[in-house]
Protein chains: 2
Amino acid sequence: MRSFAVPMQISLIAAPPKDLLLDDGFRFMHGQTIAPFTIRYETFGELNAERSNAILVCHALSANAHVAGKYTDAEDERPGWWDGLIGYGKGIDLDKYFVICANIPGSCYGTTAPSSIDATAGKPYGSRYPWPAIEDMVHSQKILLDRLGIEHLHAIAGGSLGGMQVLMWAACYPEFMDSIITMAAGAAVPVQGIAWHIIGRKMIESDARFNGGDYYDHPEPLRGLQVARMVGHMTYLSARALQSKFGRRRRGATRQFEIDSYFEYQGRKFAAQYDANSYIRVQAAMDEMDLEEQHGSLQAAFAKWRGRTLLVSFDTDWLFPVVEVERVENAMVANGTPVHHERIASPNGHDTFLIDYDLITPAVTDFLSDVSLPARLELP
Amino acid sequence: MRSFAVPMQISLIAAPPKDLLLDDGFRFMHGQTIAPFTIRYETFGELNAERSNAILVCHALSANAHVAGKYTDAEDERPGWWDGLIGYGKGIDLDKYFVICANIPGSCYGTTAPSSIDATAGKPYGSRYPWPAIEDMVHSQKILLDRLGIEHLHAIAGGSLGGMQVLMWAACYPEFMDSIITMAAGAAVPVQGIAWHIIGRKMIESDARFNGGDYYDHPEPLRGLQVARMVGHMTYLSARALQSKFGRRRRGATRQFEIDSYFEYQGRKFAAQYDANSYIRVQAAMDEMDLEEQHGSLQAAFAKWRGRTLLVSFDTDWLFPVVEVERVENAMVANGTPVHHERIASPNGHDTFLIDYDLITPAVTDFLSDVSLPARLELP
């Protein structure tokens, strides 16, 4: 087995994405069904004979099923979104674990989305696509695992919206996995994040070209989405990172602030590859999740969850401040659940879980190495 | 004289606003001249025979010259924007001081603005209105004071953008006043504020109806301005205030978040009374001001300022964090200027200077009562 201390030079070649086709469709929590429905997913590493080494990874708002590696050296500009944490010899070590990630309902990376063609209507779903809940994301992952014959997970891991899915798993399917890992996530988005999200969605919805969500006959990206992305981007950055990376510096000899130029670039890049209907739906699902409201208390929400838990928070994360992670921690501790809350000091705010692998890897390595692989599952 | 300790029951009846008409126009720093040009201003209290008791108040982004009192009980819904601090027996006591406030160039409350009719063209200036600098605001106030025969000020006071004007006064006309008071203001907006401002301006400018700034033939307010105001509003609120005032609460029996409903109300109210061209111009002026960049260092910027200085900061203000106020303080201290930096703990963030008069009044009262009125000015 490769040791974490030895840097890997071999880059992972990812297998092509796979599709699970649900002919009978997928029924959303609020009642609508889309049929047929495709779930796009990727897997990494090998499922062991006991089917006991599977780790489900849940992705965040703008990510997808492509967690690690490059499809080929030429095809991928950058490796998967959690490549720094997942790979041979990395924090989630593919020598030991089989990793699965599925594109969530609502998102536009292969799973049936608002931009997908509704064969019956002969045009994209657009405004007719349901507004998914976090439960739908978790449910779609459960369906996939069932179809793959994976009856138990070693762990579920995710950051931000992905971490919220992990907590929803613990509330909905507390027997299905041995351990969970969340980063930069709580059981509900605090009001400051909600307010920014709402403002971003208003920008998209007030773009004259948005047309209530039926805009697919116009090829250009929506300006509203570009600017909404800038708002989102701000919530991922700490004041300290903004100051050190940009400060009040101007771009070259111009009077344009560097932060302005950077946001224009990032906003345009994002809007060219992400869909506005997906953005407002996935983000709204994040805002709507509130395990405390749903169950009366967080302790009640996690009443049946007794697995080992790693909660990772970042001191400069103001979307999910440390105190929000502590609320989850306290509820689980009160339930007698074995929780480790790793408080990490980092300059990079919410996005630390996507940037500072030297900071997050030791906590994950320690947590996973301390868990004996479950033996209770039999071969099918 | 009325004592601060005795609450005043007599409400101030404000005199009607006055206009100074500059027939030759006003020349903006970047070269353009608008002629004729009106400066709208208000005065409160009485100028003493020595003309030595005048205090200039500088207003912030969305405010105007109407600082205190009501015009009549019927006419004004609410008293002037700093009524809690300025009045008979209040922190800036009209029994002692004569207060002047002028609507700044760019703003849309009586001073010639982008929405004002350009008589030559027979339509509003719109996109042709210059982009003012903070220096223009200060310069317009200086012109007004000159015309009023006020050759020296007892003090200049302001919060936020108003406080930035005060600091610009100290840099541009260091001999003109005896003392200055700033609240929630620094010598430059830090990058986090700039980023939010830029995002707000992009929202306005990308509103299809904005039309580059020439939208006055459309009567309805711009949606872009409504949403931009929500962004601005967010920068004035602390996370703590958002949490205690709104949290994740829903509006009545609906699923709409209360913060959403509140922002919609505030955004619509603001856009109905404020002009988009004014908003982007006044805010951009705020972002462009950078005394350090302009003078090489803050110590150089304030090299000639030796008057008494009160800097007030709020621990939950993240638009102008305490550390930004400390930079001004340190520069003045290094210059040997008598500075008092009052650090106030408050839940209300940047807007504390407009809300918590019980917190800010003692600092102002102490500061002003400790200054002997200047005797160096003669009657004209």
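What you see is a predicted model, and the numbers here were worked out from it, not measured in a lab. (Residues numbered from 1 in each chain as written. Chains lettered and ligands numbered in written order. Predicted model: local features only at pLDDT ≥ 70, side-chain atom pairs only at ≥ 80, totals over all residues. Heavy atoms only, no water.)

A. Quick look at the overall build of chain A. Assigned secondary structure in chain A consists of 12 helices and 14 strands. A globule of 380 residues ought to have a C-alpha radius of gyration of about 21 Å, and chain A, at 20 Å, matches this closely. Overall, chain A is about 60 × 50 × 50 Å in size when its C-alpha atoms are taken along their principal axes. With 380 residues in all, chain A has 60% of them scored as buried. Long-range contacts, defined here as pairs at least 24 residues apart, represent 73% of the contacts in chain A between residues at least 6 apart. One way to put it: in chain A the 34 positive side-chain charges average out to a point 5 Å from where the 46 negative ones average out. (Helix = DSSP H or I, 4+ residues; strand = E, 2+ residues; numbered from the N terminus. Rg over C-alpha atoms; globule rule 2.2 N^0.38 Å. Buried < 20%, exposed > 50% of the residue type's maximum accessible area, 1.4 Å probe, protein only. Contact = heavy atoms within 4.5 Å. Lys, Arg positive; Asp, Glu negative; His and termini not counted. Charge placed at Lys NZ, Arg CZ, Asp CG, Glu CD.)

B. Molecular detail of the pattern of salt bridges. Under the criterion given, the structure shown has 38 salt bridges over all chains. Taking the shortest distance from any N to any O, the salt bridge between E264 of chain A and R223 of chain A comes out at 2.7 Å. Placement of E264 of chain A in helix α6 (residues 258-273) and of R223 of chain A in helix α4 (residues 223-236) is noted, with a sequence separation of 41 residues between them. One network of salt bridges, in which partners are shared, links K202 of chain A together with R223, D260, E264 and R268 of chain B. (Salt bridge = Lys/Arg side-chain N within 4 Å of Asp/Glu carboxyl O.)

C. Quick peek at the pairing of strand β12 (residues 177-183) of chain A. Residue and element names in this part refer to chain A. Most of β12 is tucked away, with 7 of its 7 residues classed as buried. With 6 bridges joining them, strand β11 (residues 153-159) and β12 adopt parallel strand pairing. Note on β12: the bridge partner recorded for L153 is M177. After leaving β11, the chain enters helix α2 (residues 161-172) and then returns to the sheet as β12, a path that is right-handed. Summarising the sheet, β12 and strand β13 (residues 308-314) pair through 5 bridges and their orientation is parallel. (Pairing = 2+ DSSP bridges. Right-handed = clockwise from strand over helix to strand, strands pointing away.)

D. Geometry of the packing of aromatic side chains. Residues and elements named next belong to chain A. All chains considered together, the criterion is met by 36 aromatic pairs over all chains. Through a chain of ring-to-ring contacts, the aromatic side chains of F26, F28, F37, Y125 and Y129 assemble into a single cluster. Stacked on the ring of F270, the Lys or Arg R229 has its end atom at 4.1 Å from the ring centre. Across the ring face of F367, the terminal group of R308 is positioned such that the distance to the ring centre comes to 4.4 Å. (Phe/Tyr/Trp six-rings, centres within 6.5 Å; stacked < 30°, edge-to-face > 60°. Lys NZ or Arg CZ within 6 Å of the ring centre and 35° of its normal.)

E. Spotlight on the domain arrangement of chain A. Residues and elements named next belong to chain A. Under the domain assignment, chain A is made up of domain 1 (18-189 + 291-369) and domain 2 (193-285). Centre-to-centre, using C-alpha coordinates, domain 1 lies 24 Å away from domain 2. Each side of the interface is counted separately: domain 1 has 33 residues, and domain 2 has 31 residues. Contact between domain 1 and domain 2 buries roughly 2600 Å² in total, counting both sides, with carbon and sulfur atoms accounting for 63%. Ranking the residues of domain 1 by area buried against domain 2 places L61, W131 and W318 at the top, with a combined share of 26%. Run the count over domain 1 and domain 2 and you get 0 salt bridges. The interface formed by domain 1 and domain 2 includes 12 residue pairs in polar contact (both at pLDDT 80 or more). Residue composition of the side of domain 1 that touches domain 2, grouped by class: 20 nonpolar, 11 polar and 2 charged. (Domains from an automatic or database assignment. Buried area = accessible area lost by both parts, 1.4 Å probe. Polar contact = N/O pair within 3.5 Å; in protein donor to acceptor, adjacent residues only side chain to side chain. Nonpolar A, V, L, I, M, F, W, Y, C, P; charged D, E, K, R; others polar.)

F. Fine view of the interface of chain A and chain B. Contacts between chain A and chain B engage 37 residues on the former and 37 residues on the latter. Summing the contributions of chain A and of chain B, the shared interface buries around 3300 Å²; its carbon and sulfur component is 66%. Put simply, chain A and chain B have 14 salt bridges between them. One salt bridge connects E264 of chain A with K202 of chain B, and the closest N-O pair in it is separated by 2.7 Å. For the pair chain A and chain B, the interface holds 16 residue pairs in polar contact (both at pLDDT 80 or more). Those elements giving two or more residues to the side of chain A that touches chain B turn out to be α3 (191-206), α4, α5 (239-245), α6 and α7 (276-288) of chain A. By residue number, the principal contributor to the side of chain A that touches chain B is α3 of chain A, which donates 10 residues. By residue class, the composition of the side of chain A that touches chain B is 22 nonpolar, 4 polar and 11 charged.

G. Region of the structure containing the sheet that holds strand β14 (residues 339-344) of chain B. Residues and elements named next belong to chain B. The 8 strands lie next to each other as β1-β4-β8-β5-β11-β12-β13-β14, forming an open sheet whose pairing is mixed. Taken across any chain shown, the strands that pair with only one partner, and hence form the sheet edges, are β1 (18-22) and β14. This sheet shows a mean twist of 20° between the axes of neighbouring strands, independent of strand direction. Pairing of strand β5 (residues 54-58) with strand β11 (residues 153-159), which is carried by 4 bridges, proceeds in the parallel orientation. In the sheet register, V57 faces β11, and the bridge partner there is A157. (Axes fitted to C-alpha atoms, helices over the stretch in contact; angles between N-to-C directions.)

H. Main features of the side chain of T111 of chain B. Residue and element names in this part refer to chain B. Counting through the fold element by element, T111 comes out in the loop between β8 (98-102) and β9 (117-118). Side-chain polar atoms of T111 contact the backbone nitrogen of R40, separated by 3.0 Å. Setting aside residues no more than four positions away along its own chain, T111 makes contact with F37, T38, I39, R40, N103, I104, P105 and S116.

I. Molecular detail of the relation of the copies chain A and chain B. For these two chains of identical sequence, chain A goes onto chain B by a turn of 180° and a shift of 0.0 Å along the axis, with RMSD 0.0 Å. Accordingly, the operation relating the two chain copies is best matched by a two-fold axis. With an isologous cut-off of 70% or more, the 100% of interface residues of chain A that recur at the interface of chain B puts this contact in the isologous class. (Least-squares fit on C-alpha atoms with pLDDT ≥ 70 in both.)

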